[in-house]
Amino acid sequence: MKEILVLSGKGGTGKTTITASLALLAQNSVLADCDVDASDLHLLVSPNVQESHDFWSGVTAKVDPKKCTGCGTCAELCRFEAVSMGEKAYIDHFSCEGCTVCAHFCPEDAIELEPNLSGEWYISETKYGAMVHARLHVGEENSGKLVSLVKRESRELAEEIGAKWIIVDGPPGIGCPVISSFSGADLVLAVTEPTSSGLQDLKRLIKLAYHFKTDVCVCINKWDLNESFCNEIEVYLEDNEIPLVAKIPFDKAAVDSLVAGKPLLEYTTGLAADAIRKMWPRIEAMLLS
Amino acid sequence: MKIAVASGKGGTGKTTIAVSLALAASTAKVQLLDCDVEAPNCHIFLKPVVDEEEVVSLDVPAVIEQKCTYCKKCKELCQFNAIAVFGKTIMVFKEMCHSCGGCFLVCPEEAFSRDSREIGTVVTGKGKGSIKFVQGRLRVGEALATPLIKAVRSRALEDGLVILDAPPGTSCPVINTVRGADYTLLVTEPTPFGLHDLKLAAGVLWKLEQPFGVILNRSDLGYGEVEKWCNKNNVPVHLKIPFDRKVAEGYAKGQPLVEIVPNYRDRFAFLLKELSK
Ligand code: SF4
Ligand code: SF4
């Protein structure tokens, strides 16, 4: 079983479109949507939810006004500026990181720690194989923990059904959720576009992949929108000996396939779809080598 | 006035719009805060002269082994699995620490000394039209974006116009950026993804009980549901920016919208005037 992690640094490069198409190409795979904060993959693969579970994570502190004497100890100790003092202490849910320091040191034992219902996660059936996905509630922390959970569950599921591939739609950025998504990945596919922001984001991703000693390959999406930038990216990849597995041309059909709610490859046989189709055997070869 | 520019997902044109707003402002004091610390790109469009680069670090514990009696009180308190104690061994995982300070407080032997972990840098400078510029850059390999965002926000001007470029998504980094803004502009595109992500982003603002409106980028992609949704939910659509190959090409090279199509300058200026009412 091999795991491929699709990342893009910033969004909007076509990462999810490509992930959905890979799911269609890779026979016998499990899909894992680790973009738990704003996932879109389900819009393309129409999952049929089989199991849904709550995701409990961490605690939030809450003051019991009956016990609080307003001494201010919690406000003084909280490093996250979550406590404001009136006559009684008040804890702001969005600022509280659940470190429990206030509860531990409150002389009146007036602070309760409530477990956080931070989201849900699901196991689903799709036309392209089983899928594990999740939804973090608005404003919650611990997206990294939810990503780890999705990865763990998809691995278990893949073992159970004897899947050959796990295809992971990764989160944006380079922080906590992305770092969690690296564990266990055999190969990162970085999706970029020929713009200056695209190149900067790509460099950060590659640095991160080096940091975690994970192999990385790159595909340039909408490469023909700016050929000189595309060239710059190619030179950069060559200098750093990073394989370029596809150059996907701009294709209006990509947007139409989103509207139709289908993976691009199922929707059309245009040039972009063609390029993605040719990319898969290259990725496969990298994973199996 | 503080205006945040956000979007459920990235790549909607949020950054070029944030920079364009700053450039179109007629206010004397304008500041642009790049809070998208995991993918900071405002400088590409603003091309600022950098005055200062400051390293931001978190206080984290280091154990003084001779003092530790392995009582495990720190390990029990730490909610972030940053401390492990087994037998006569104690380990601190610096990179897991959220810097809550709990272990320092709870240790009866005063067995912790202060160490630090670099989380990133805050860059300050001046961009075109003497726009004040502050940008957070998360260190590659660092997990915690929020403390760096707080460091960027702490440099916000008290008066004048402050534009905040927010990270994508709906979790804590976004909340920490848009919270307390006088108004938030959500940038989206008319596709099913755009609609889905807009609903999530709107959920954040509703939960925070803060006012917001929408800017529709590449507005002629042909999917009408986004506007329908806005109308139904009384969310104002302030600006529609149709797709224009010239804009896409300029964007690729790092030109902000108002420089590619100058008459957007007036439209952004008008929008700012509207919002300041
Ligand atoms: S649990 Fe920690 S972050 Fe939350 S209010 Fe208490 S001290 Fe502050
Ligand atoms: S400072 Fe807080 S988070 Fe860091 S190790 Fe100590 S108890 Fe854990």
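Above this text sits the structure in question.
Residues numbered from 1 in each chain as written. Chains lettered and ligands numbered in written order. Predicted model: local features only at pLDDT ≥ 70, side-chain atom pairs only at ≥ 80, totals over all residues. Heavy atoms only, no water.

Colleague: Give me the lowdown on the sheet that holds strand E11 (residues 237-241) of chain B, citing residues and values where you can.
Modeller: All names here are of chain B. Pairing within the open sheet is mixed, and its 9 strands lie in the order E3-E6-E7-E2-E8-E1-E9-E10-E11. A single partner strand is all that each edge strand has here, and the edge strands are strand E3 (49-63) and E11. Geometrically, the sheet is characterised by an average inter-axis angle of 20° between neighbouring strands, direction not taken into account. Note: strand E1 (residues 2-6) against strand E8 (residues 161-165), 4 bridges, orientation parallel. Bridge pairing in E8 links Ile3 to Ile163. Packed on one face of the sheet, helix H7 (residues 192-208) meets strand E9 (183-188) and strand E10 (212-217) and runs near 165° to E9. Against the sheet, helix H11 (residues 264-276) touches E1, E8, E9, E10 and E11, its axis set at about 170° to E11. (Pairing = 2+ DSSP bridges. Helix = DSSP H or I, 4+ residues; strand = E, 2+ residues; numbered from the N terminus. Axes fitted to C-alpha atoms, helices over the stretch in contact; angles between N-to-C directions. Contact = heavy atoms within 4.5 Å.)

Colleague: Describe in detail the side chain of Ser143 of chain A, supporting the description with residues and values.
Modeller: Residue and element names in this part refer to chain A. Of note, Ser143 is situated in helix H5 (residues 143-161). Residue classification places Ser143 among the buried positions, given a relative accessible area of 8%. With residues near it in sequence (within four places) discarded, Ser143 still touches Val36, Leu136 and Pro177. (Buried < 20%, exposed > 50% of the residue type's maximum accessible area, 1.4 Å probe, protein only.)

Colleague: How would you sum up the sheet that holds strand E10 (residues 215-221) of chain A? Please name residues and give values.
Modeller: Residues and elements named next belong to chain A. Taken in spatial order, the 9 strands line up as E3-E6-E7-E2-E8-E1-E9-E10-E11 in an open sheet, and their pairing is mixed. Two strands lie at the open edges of the sheet, namely strand E3 (48-63) and strand E11 (244-248), each paired on one side alone. Geometrically, the sheet is characterised by an average inter-axis angle of 20° between neighbouring strands, direction not taken into account. As judged from the 4 bridges shared by strand E1 (residues 2-7) and strand E9 (residues 187-192), these two strands associate in the parallel manner. Each bridged residue has a counterpart across the sheet, and for Leu7 the counterpart in E9 is Ala190.

Colleague: Describe the interface of chain A and chain B, listing the residues and the values that go with them.
Modeller: Tallying the contact residues gives 54 residues for chain A and 54 residues for chain B. Between chain A and chain B the total buried area reaches about 4,700 Å² when both faces are included, carbon and sulfur atoms providing 61% of it. The three residues of chain A that bury the most area against chain B are Arg79, Phe94 and Val138 of chain A, which together make up 13% of that side's buried surface. Where chain A meets chain B, there are 15 residue pairs in polar contact (both at pLDDT 80 or more). Listed by contribution, the elements that provide at least two residues to the side of chain A that touches chain B are helix H2 (42-45), helix H4 (101-105), strand E7 (129-136), helix H6 (176-182), helix H7 (196-211) and helix H9 (252-260) of chain A. Tallying contributions element by element places H7 of chain A first for the side of chain A that touches chain B, with 8 residues. Taken together, the residues that form the side of chain A that touches chain B break down as 22 nonpolar, 18 polar and 14 charged. (Buried area = accessible area lost by both parts, 1.4 Å probe. Polar contact = N/O pair within 3.5 Å; in protein donor to acceptor, adjacent residues only side chain to side chain. Nonpolar A, V, L, I, M, F, W, Y, C, P; charged D, E, K, R; others polar.)

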